[in-house]
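A structural walkthrough
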Amino acid sequence: MFSSFDLVFLKLNFMTEPTFSSDIFRRQDESADERFYDFPRFVTHIDQAAIEAVTELYSEFFPAGGAILDLMSSWVSHLPKTIKYRRVAGIGMNREELAANPRLTERVVQNLNGEPKLPFGEAEFDGAAICVSVQYLTQPIFVFREIARVLKENAPLVVTFSNRCFPTKAVYAWNALDDNGHIKLIGEYFVASESFDEVVVRKHLPVYNDPLFGVIGRALKK
Ligand SMILES: C[S@@+](CC[C@H](N)C(=O)[O-])C[C@H]1O[C@@H](n2cnc3c(N)ncnc32)[C@H](O)[C@@H]1O
């Protein structure tokens, strides 16, 4: 008898194609993502301490003056205020949220579940981020490969998450797992994409505030 944890990883291990369609990437709400993200949400999805933990990771992994890709972006990017980047490209679902984000130097509205190919050339970026959103990707391995394609060699993809989400829009695999399962799942995305090396994990576990986990991989040589 398998637990839901075993089942998720068993199914993931059978995946050989990045676009493999599997029930572990189905969602309770399969209506168009455009509808769900049609109105702007000018809120923060994690508390201030968790946001600071994200910002600290970005300070550590993203080079000052670099070109940064903020995937699944909104009106805030959590980048360190004191560090300047020459380019910050944001991809998200809501035009108004992206327009209100003061850190972005360019904005793309794109549904990564409908069109996972990124509208950038090879090796344009020095770092990429997915903050509290990876659970909404239905073709994560394809997207991770695309991110590696647009990153320079050895540039980091920083994936962060906490312990809450919009469950109806999160994939089955996410809803079936706990925090450690989420770390392992994201690790599997990195490995299955065959495009990243050196995956490291960071945990910020305060007693009363939101937890914050980071899983970071570095793009392999093209
Ligand atoms: C919980 S919010 C997080 C926003 C932001 N990263 C942050 O840290 O506050 C989820 C974000 O994922 C984006 N998103 C959800 N589904 C998406 C999809 N299919 N394609 C692209 N972006 C998506 C939404 O636009 C939204 O901004």
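Our structure's up above, just so we're on the same page.
Anyway, here's the lowdown on the structure attached to this text. Just so it is clear, the structure is predicted and the values come from calculations on it, not from any experiment.

Here is what the cut-offs are and how they apply
Residues numbered from 1 in each chain as written. Predicted model: local features only at pLDDT ≥ 70, side-chain atom pairs only at ≥ 80, totals over all residues. Heavy atoms only, no water. Helix = DSSP H or I, 4+ residues; strand = E, 2+ residues; numbered from the N terminus. Contact = heavy atoms within 4.5 Å. Polar contact = N/O pair within 3.5 Å; in protein donor to acceptor, adjacent residues only side chain to side chain. Buried < 20%, exposed > 50% of the residue type's maximum accessible area, 1.4 Å probe, protein only. Pairing = 2+ DSSP bridges. Salt bridge = Lys/Arg side-chain N within 4 Å of Asp/Glu carboxyl O.

Within the secondary structure, Arg-107 sits in strand 3 (residues 106–109). Each C-alpha atom of the pair Arg-107 and Phe-213 lies 26 Å from the other, and the pair is 106 residues apart in sequence. For Arg-107, the contacting residues outside a window of four places in its chain are Gly-90, Leu-98, Ala-99 and Asn-101. In terms of polar contacts, Arg-107 uses its side chain to reach the backbone carbonyl oxygen of Leu-104, at 3.3 Å.

Burial analysis of strand 2 (residues 87–92) places six of its six residues in the buried class, which makes it a mostly covered element. Burial of the side chains of strand 2 extends over both faces: Arg-87, Ala-89 and Ile-91 are buried on one face and Val-88, Gly-90 and Gly-92 on the other. Bridging between strand 1 (residues 67–71) and strand 2 involves five bridges; their strand directions are parallel. Across the sheet, the residue bridging to Asp-70 is Gly-90, located in strand 2.

Mapped onto the secondary structure, Gln-135 falls in the loop between strand 4 (127–131) and helix 5 (140–150). Note on Gln-135: relative accessible area 2%, which makes it buried. A polar side-chain atom of Gln-135 sits 3.3 Å from the main-chain carbonyl oxygen of Val-132. Among residues more than four places away in sequence, those in contact with Gln-135 are Arg-164, Cys-165, Lys-169, Ala-170, Val-171 and Trp-174.

For the coordinates displayed, the defined rule picks out 13 salt bridges. A salt bridge links Arg-145 to Glu-194; the nearest nitrogen and oxygen atoms lie 3.6 Å apart. Separated by 49 residues along the polypeptide, Arg-145 in helix 5 and Glu-194 in the loop between helix 7 (179–193) and strand 6 (196–204) bring together distant segments of the chain. In this structure Glu-194 comes out as exposed when scored by relative accessible area, which is 62%. The structure contains a network of salt bridges with shared partners spanning Arg-27, Asp-29, Glu-30, Asp-33 and Lys-169.

Below, the discussion takes up unusual backbone geometry. For Glu-194, which is not a glycine, the phi torsion comes out positive at approximately 55°. One non-glycine residue, Glu-198, lies in positive phi territory at about 55°. Locating Glu-198 in the fold gives a position in strand 6. On the basis of relative accessible area, Glu-198 is assigned to the exposed category, the value being 51%.

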